[in-house]
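Summary of structural features
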Amino acid sequence: MRPHVVAQVAVSLDATTSGFDADQARFYALATLWQEDVTLVGADTILAQETAVRSAPHPGPRPEGPLLAVVDSRARVREWEGLRQLGYWSDVLALYADQTPDRPPDSTIPELVTGYDRVDLVEILDILGDRGARVVRVDSGGGLLGALLDLELVDELALLVHPVVVGSGRPWFEGRALTLEPAGTEVFEGGLVWLRFCVGRS
Ligand SMILES: NC(=O)c1ccc[n+]([C@@H]2O[C@H](COP(=O)([O-])OP(=O)(O)OC[C@H]3O[C@@H](n4cnc5c(N)ncnc54)[C@H](OP(=O)(O)O)[C@@H]3O)[C@@H](O)[C@H]2O)c1
């Protein structure tokens, strides 16, 4: 069965996902609500953190933690071992397509190949569900989230709205019209607002 897919995004008042200091502590504290089995992340989100991953403490995999699955059709991510050792995830899984460039022959990174030139997101979620995942949390700046929204694969959306106007950048919804059913609102110190929605299907 396909897992429940939730996406949480830190956004500015003008709906951008970067260009401001997101409250990471609050963001990840709230994200623990879902106790996801799989954290689904796009390659660009990982690449934006690679320097931080390299210099962070590496206590080792957390067996009870979720699996980190990275959509990486072009095999751009390099810090797999650092990600695995970060102490949050139990393991990593590279999501590749048929046309993904060759990996080093001695690579030990577990991988799953779907799609021709790009990872097939529908098939990925079906396979993760078959492997026992019940909840997948998407951590995306908008690229991967947009693709999942287009495919109507997102069940729940949470926006952590920061009281800042960036004044430039692309909105997380990128011109999409969405039907959202409110599922809860909380206000936190510093003017942060957490909005949760169920995402409607067409
Ligand atoms: N505010 C937040 O909550 C938040 C959260 C995470 C990240 N961020 C920030 O957002 C930025 C990165 O976000 P992003 O939106 O550029 O990238 P992203 O969310 O990491 O998504 C890009 C990835 O999605 C893949 N993808 C997109 N459409 C696809 C499709 N139809 N089929 C298969 N794969 C598809 C891309 O594949 P290809 O490789 O084939 O292009 C790429 O790997 C960084 O600056 C990061 O710091 C913000």
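Residues numbered from 1 in each chain as written. Predicted model: local features only at pLDDT ≥ 70, side-chain atom pairs only at ≥ 80, totals over all residues. Heavy atoms only, no water.

Some details on the site of the ligand
Around the ligand there are 23 residues in total, and Ala10, Thr45, Arg74, Ser140 and Gly143 lie nearest to it. Between the ligand and Arg118, the relevant distance is 3.0 Å, taken from an oxygen atom to a side-chain nitrogen or oxygen of the residue. Out of a free accessible area of 940 Å², the ligand has 78% covered by protein chains. Among the secondary structure elements, those contributing two or more residues to the shell around the ligand are strand E1 (4-11), helix H2 (43-47) and helix H6 (143-150). (Near = heavy atom within 4 Å. Polar contact = N/O pair within 3.5 Å; in protein donor to acceptor, adjacent residues only side chain to side chain. Areas by Shrake-Rupley, 256 points an atom, 1.4 Å probe, with all protein chains shown as cover. Helix = DSSP H or I, 4+ residues; strand = E, 2+ residues; numbered from the N terminus.)

Things to note about the pattern of salt bridges
Scanning the entire structure with this criterion turns up 14 salt bridges. Here Arg2 makes a salt bridge to Asp126, at a shortest N to O gap of 2.9 Å. Of this pair, Arg2 sits in the segment before E1 while Asp126 sits in helix H5 (residues 121-130); the two residues are 124 residues apart in sequence, bridging distant segments of the chain. Of the charged contacts in the structure, one is a salt bridge between Arg76 and Asp44, with a shortest N-O distance of 3.0 Å. Note that Arg76 is positioned in the loop between strand E3 (67-71) and helix H4 (80-84) and Asp44 in helix H2, a separation of 32 residues in sequence. Via salt bridges that share partners, Glu36, Arg137 and Asp139 belong to a single interconnected network. (Salt bridge = Lys/Arg side-chain N within 4 Å of Asp/Glu carboxyl O.)

Topic: the sheet that holds strand E7 (residues 156-161)
Reading across from one edge, E5-E4-E3-E2-E6-E1-E7-E9-E8 is the order of the nine strands in this open sheet, with mixed pairing throughout. The open sheet is flanked by strand E5 (111-113) and strand E8 (180-188), the only strands paired with a single partner. In this sheet, adjacent strand axes meet at a mean angle of 20 degrees when their direction is disregarded. The sheet contact formed by strand E2 (residues 38-42) and strand E6 (residues 135-139) spans four bridges and is parallel. Along E6, the bridge assignment pairs Val38 with Val136. Of the strands in this sheet, E1, E2, E3, E6, E7 and strand E9 (192-199) touch H6, which is tilted by about 110 degrees from E2. (Pairing = 2+ DSSP bridges. Axes fitted to C-alpha atoms, helices over the stretch in contact; angles between N-to-C directions. Contact = heavy atoms within 4.5 Å.)

Quick word on the UniProt feature "domain: Bacterial bifunctional deaminase-reductase C-terminal" (unreviewed entry) in the protein
Within this structure's numbering, the places UniProt gives as "domain: Bacterial bifunctional deaminase-reductase C-terminal" (unreviewed entry) are residues 3-192. Secondary structure within residues 3-192 divides into 22% helix and 25% strand; the distance between the first and last C-alpha atoms comes to 29 Å. (UniProt positions renumbered as here; feature names shortened; annotations may be inferred.)

Notes on unusual backbone geometry
You will see that Ala75, though not glycine, has its phi angle at about 50 degrees, which is positive. Relative to the assigned elements, Ala75 resides in the loop between E3 and H4. Exposure remark for Ala75: the relative accessible area of 10% places this residue in the buried category. For Glu174, which is not glycine, the phi torsion reads 45 degrees and is therefore positive. (Buried < 20%, exposed > 50% of the residue type's maximum accessible area, 1.4 Å probe, protein only.)

Re the packing of aromatic side chains
Applying the stated rule across the entire model yields four aromatic pairs. Taking the centre distance of 5.1 Å and the plane angle of 90 degrees together, the rings of Tyr88 and Trp89 count as edge-to-face. Among the residues examined, Tyr88 registers a relative accessible area of 27% and is labelled partly exposed. Of the residues examined, Trp89 reaches a relative accessible area of 11% and is grouped as buried. Over the face of the ring belonging to Tyr88 we find Arg62, whose NZ or CZ atom lies 5.1 Å from the ring centre. (Phe/Tyr/Trp six-rings, centres within 6.5 Å; stacked < 30°, edge-to-face > 60°. Lys NZ or Arg CZ within 6 Å of the ring centre and 35° of its normal.)

Some points on the domain arrangement of the protein
Per the domain assignment, the segments of the protein are domain 1 (1-34 + 139-202) and domain 2 (38-133). The C-alpha-based centres of domain 1 and domain 2 are spaced at 22 Å. With 12 residues of domain 1 at the contact, the number on the domain 2 side is 13 residues. A combined buried area of about 1100 Å² lies between domain 1 and domain 2, and 68% of that area is made up of carbon and sulfur atoms. Considering only the side of domain 1, the residues that lose the most area to domain 2 are Arg2, Asp139 and Leu144, jointly responsible for 45% of the buried surface there. Counting every contact that joins domain 1 to domain 2 gives one salt bridge. At the boundary of domain 1 and domain 2, one finds two residue pairs in polar contact (both at pLDDT 80 or more). Of all the elements, H6 adds the most residues to the side of domain 1 that touches domain 2, at three residues. (Domains from an automatic or database assignment. Buried area = accessible area lost by both parts, 1.4 Å probe.)

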